[in-house]
Amino acid sequence: MSTAEATAMMGELENSLGVPTFAYVAHWGGEYAVDADEEAGRLLTTAIVDRARGSDIEEVALILCGRGGEAVFADMVLRTLEHLEVGLKVVVADRVDGAIATVALGADEITMHPRAGVGAVDGGLLVVPGRPLDAGLWRYRERFAGIASGDTDAGDDVLPRLAHDEFHRAEQSGVAHRWLDDGVAMAFTAARLGKAGTATVRRLMEAGLAARVAPGPLAEQLDELLAWAREGLHLYRSPGERFRVSDEWGEEVEFEPATAVNVGAILTVDSAWVREVDTGSPDPYAPRLRGHWRRARA
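Thresholds, definitions, all that
- Residues numbered from 1 in each chain as written.
- Predicted model: local features only at pLDDT ≥ 70, side-chain atom pairs only at ≥ 80, totals over all residues.
- Heavy atoms only, no water.
- Core = buried A, V, L, I, M, F, W, Y, C linked by side-chain atoms within 4.5 Å.
- Buried < 20%, exposed > 50% of the residue type's maximum accessible area, 1.4 Å probe, protein only.
- Contact = heavy atoms within 4.5 Å.
- Phe/Tyr/Trp six-rings, centres within 6.5 Å; stacked < 30°, edge-to-face > 60°.
- Helix = DSSP H or I, 4+ residues; strand = E, 2+ residues; numbered from the N terminus.
- Lys NZ or Arg CZ within 6 Å of the ring centre and 35° of its normal.
- Patch = residues over 30% accessible without salt bridge, like charges linked within 9 Å, V, L, I, M, F, W, Y side chains within 5 Å.
- Areas by Shrake-Rupley, 256 points an atom, 1.4 Å probe, with all protein chains shown as cover.
- Salt bridge = Lys/Arg side-chain N within 4 Å of Asp/Glu carboxyl O.
- Lys, Arg positive; Asp, Glu negative; His and termini not counted.
- Charge placed at Lys NZ, Arg CZ, Asp CG, Glu CD.

S.K.: Please provide a residue-by-residue account of the nonpolar core, values included.
M.R.: The biggest cluster of nonpolar side chains holds 58 residues, and the ones touching the most others in it are Tyr24, Leu105, Phe188 and Leu204. Apart from residues lying up to four places away in sequence, leucine 204 is in contact with Leu105, Ile110, Met112, Val118, Phe188, Ala199, Leu209 and Ala211. In this structure, Met10, Ala23, Ala93 and Val274 belong to the second largest nonpolar core, which totals 29 residues.

Structure, rendered in structure tokens:
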């Protein structure tokens, strides 16, 4: 399925929502996992700024389907909208958490697909990369003192990786507290919801947020967008094996030919950026494939 089909769907969704509409959709599984980062935030907010420039826009809609994400992504999206003095409607197409959840909770109105839910704002990254144990991580070392003293069989990189994970969870929590009411930020944490738990529309309304379940026609349009994502972004699909045991050479392995795989998209009514990963380029510091955002042809 082409990106032209996706942008056409965005046009239909924009007609339904009645305001300029954008979407962030990304895979969250295995080597295909995409953590929304500063570059993704820049691409999305640039599209919003370009649409707002020279136009009298009071509100935009943002469709979200993704998990994890760096705190800087949420901060950039919410900051840009505040600077533009533009309101935000969020449409949650599936379960979200981490920085993506913070964006959702920071909206003026939240609409959720019947299957969707809002998870913990401090859910952490999908994939925690390796990082040296520097001063920025040192404050988190005490929690993992047993590993540091050699009480486990863990490798040398486990302590920095665990500390890095705690660092990102703290960053996500900090940004959530800056942009959300303290009561909301505290109510939607991993301590309250767990790793997989989510809040329903009723729970959002109890927290004082404007929320609703998507009406039938809108839910059907979201289903069409998710169907496109299943084909175009391999959403809900497990990454394929990159190698197999050789039939001819005993325990030797044969690597599959490297291919480019689309695993994320930033969509508007007339343009698309796609996150493309290379199956022949695994990240040596994290269990994921290296990739980049590229402008997609219509």
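Let's pick the thread back up.
S.K.: Report on the packing of aromatic side chains, specifying residues and quantitative values.
M.R.: Scanning the model with the defined rule gives 2 aromatic pairs in all. Arranged with centres 5.3 Å apart and planes meeting at 45°, the rings of tyrosine 24 and phenylalanine 73 form a pair that is tilted. On the criterion of sequence distance, the pair formed by tyrosine 24 in strand E1 (residues 21-26) and phenylalanine 73 in helix H3 (residues 71-84) is long-range, its members being 49 residues apart. Phenylalanine 73 carries the same exposure label as tyrosine 24, and that label is buried. Sitting over the face of the ring of tryptophan 28, arginine 67 holds its NZ or CZ atom 3.9 Å from the ring centroid.

S.K.: For a negative patch on the surface, give the residues involved together with the corresponding values.
M.R.: Together, Glu12, Glu220, Asp223 and Glu224 make up a region of like negative charge exposed at the surface. Top contributing element to the negative patch by residue count: helix H11 (residues 216-232), with 3 residues. With respect to the helices and strands, aspartate 223 occurs in helix H11. On the basis of relative accessibility, which here comes to 34%, the residue aspartate 223 falls in the partly exposed class.

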